[in-house]
Amino acid sequence: MTIHLPVPGVPRWARIAAWTITFAVLPAGLWRIGAMTFHLPIITPSPIGPEPTLGMPGELYVVLLSIFSEAVAFTAFGLIARWGEVFPRRLPWLGGRRVPPLAAVVPAALGAAVLTWMWTFVAVNILRGRDVHGRALPSYFPLNFDDWKGMLAVVAYAPLLLWGPLLAALTVAYWRRRSGSR
């Protein structure tokens, strides 16, 4: 299978941004899997037990969440690759047809806005010592600046702050390239 990266006219910075998105999401997923699935000693266990996990074992939930996050991050390549401009031939009814620019721009722009807001909101609250509901963070909260475990979690999650803004920049570049407005 050939991905055809990138298509002509894609600037170098956009290629770097697409790769950066996938690598920015990876550390958080690896940290989650290491802490929750393999029970590595990189987290202080919660005294109240594990969080709800949609009715599935916590370890499976964490692996699926991490894979899903990485798969969503990978869709940024559609903004620089041939499959983001022409549907792959193997797709029924759509294969070989041109991708309407708005079919990529609208979800990408919405995703960029949501990701930017979400991760900024989370980061600001954590820096304020609050959870997303405004309550004080418990002493066992994994992202903190108190010890190496907390700092490792911060280092793993901090790159997620790049996801939304980089996706927004890629979306604008895609729109300009596809619509002819430079």
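This text follows the structure it describes.
Asks: I keep staring at the overall build of the chain and nothing clicks. Help me out?
Replies: On a plain count of helices and strands, the chain comes out with five helices and zero strands. Beginning at the N terminus, the succession of helices and strands in the chain can be written as α-α-α-α-α. Principal-axis analysis of the C-alpha atoms places the extent of the chain at approximately 55 × 30 × 25 Å. With 182 residues in all, the chain has 34% of them scored as buried. In the chain, 67% of the contacts between residues at least 6 apart in sequence involve partners at least 24 apart. Carbon together with sulfur atoms contributes 70% to the accessible area of the chain, which is approximately 11,200 Å² in total.

Asks: Help me understand the nonpolar core in this model?
Replies: Inside soluble globular proteins, nonpolar side chains tend to come together where they are buried. Counting residues in hydrophobic clusters, the biggest one holds 36 residues, and the most contacted among them are Trp-31, Tyr-157, Trp-163 and Leu-170. Among the elements of the structure, helix 1 (12-37), helix 3 (101-127), helix 4 (148-157) and helix 5 (160-179) are those that each provide at least two residues to this core. Among residues more than four places away in sequence, those in contact with Trp-163 are Ile-21, Val-25, Ser-69, Val-72, Ala-73, Leu-115 and Trp-119.

Asks: Hey, could you run me through a nonpolar patch on the surface in this one?
Replies: On the surface, a cluster of nonpolar side chains totalling about 470 Å² of accessible area is made up of Val-114, Trp-117, Met-118, Phe-121 and Val-132. Position of Val-114 among the secondary structure elements: in helix 3.

Asks: What is the right way to read helix 3 from this model?
Replies: For the α-helix, the turn length of 3.6 residues means that residues three or four positions removed from each other point alike. The end-to-end C-alpha distance of helix 3, which contains 27 residues, comes to 38 Å, matching closely the 39 Å that a straight helix rising 1.5 Å per residue would cover. For helix 3, the complete set of buried residues consists of Pro-101, Ala-104, Val-105, Ala-108, Ala-112, Leu-115, Trp-119, Asn-125 and Ile-126. Those residues of helix 3 hidden inside the fold are in contact with helix 4 and helix 5. Positioned one or two residues after helix 3, Gly-129 has a phi angle of 75 degrees, which is positive.

Asks: Which parts of the structure should I look at to understand the packing of helix 3 against helix 5?
Replies: Viewed as axis vectors pointing N to C, helix 3 and helix 5 meet at an angle of 160 degrees, and their least axial separation amounts to 7 Å. With respect to their mutual orientation, helix 3 and helix 5 come out roughly antiparallel. The interaxial crossing formed by helix 3 with helix 5 has left-handed handedness. Its residues assigned to classes, the contact of helix 3 with helix 5 shows 18 nonpolar, five polar and one charged.

Asks: Please clarify how the environment of Leu-65 should be interpreted in this entry.
Replies: With respect to the helices and strands, the residue Leu-65 is situated in helix 2 (residues 58-74). You can call Leu-65 partly exposed: its relative accessible area is 30%. When the C-alpha atoms of Leu-65 and Gly-29 are compared, they prove to be 7.9 Å apart, with 36 residues separating the residues in sequence.

Rules used throughout
- Chains are numbered independently. Their residues run from 1 in the order of the written sequence.
- Local features in this predicted model are restricted to residues of pLDDT 70 or higher, and side-chain atom pairs are both shown and tallied only at a pLDDT of 80 or more, whereas totals for entire chains, interfaces and linings draw on every residue.
- The basis for every side-chain value is the complete set of heavy atoms in the structure, and neither hydrogens nor water enter the calculation.
- What counts as a helix is a DSSP run of H or I of at least four residues, what counts as a strand is a run of E of at least two, and both are numbered from the N terminus.
- Accessible area is worked out with a 1.4 Å probe on protein chains only. A residue is then buried under 20% of its type maximum, exposed over 50%, and partly exposed in between.
- Here, residues are in contact when the closest pair of their heavy atoms is within 4.5 Å.
- Per-residue and other accessible areas were derived by the Shrake-Rupley procedure at a 1.4 Å probe size, with only the shown protein chains allowed to occlude residues.
- Think of a nonpolar core as a cluster: buried Ala, Val, Leu, Ile, Met, Phe, Trp, Tyr and Cys residues, connected wherever their side-chain atoms sit within 4.5 Å.
- Within this analysis, patches are made of residues with over 30% relative accessible area and no salt bridge. Like charges are joined at 9 Å or less; nonpolar side chains (Val, Leu, Ile, Met, Phe, Trp, Tyr) at 5 Å or less.
- Only one rule defines a salt bridge in this text: a Lys or Arg side-chain nitrogen within 4 Å of an Asp or Glu carboxyl oxygen.
- One less than the residue count of a helix, multiplied by 1.5 Å, gives the span that helix is expected to have.
- Here an angle of 0 to 180 degrees is reported between the N-to-C directions of two axes, which are lines fitted to C-alpha atoms, with helices fitted over the stretch in contact.
- Orientation labels follow simple angle bins: below 35 degrees gives roughly parallel, above 145 gives roughly antiparallel, 65 to 115 gives roughly perpendicular, and whatever is left gives oblique.
- We call a crossing left-handed when the near helix sits turned anticlockwise from the far one by less than a right angle, and right-handed when that turn is clockwise.
- Following the grouping adopted for this structure description, the nonpolar residues are Ala, Val, Leu, Ile, Met, Phe, Trp, Tyr, Cys and Pro, the charged ones are Asp, Glu, Lys and Arg, and the polar ones are all others, Gly among them.

Any functional reading would require information that these geometric values do not contain.
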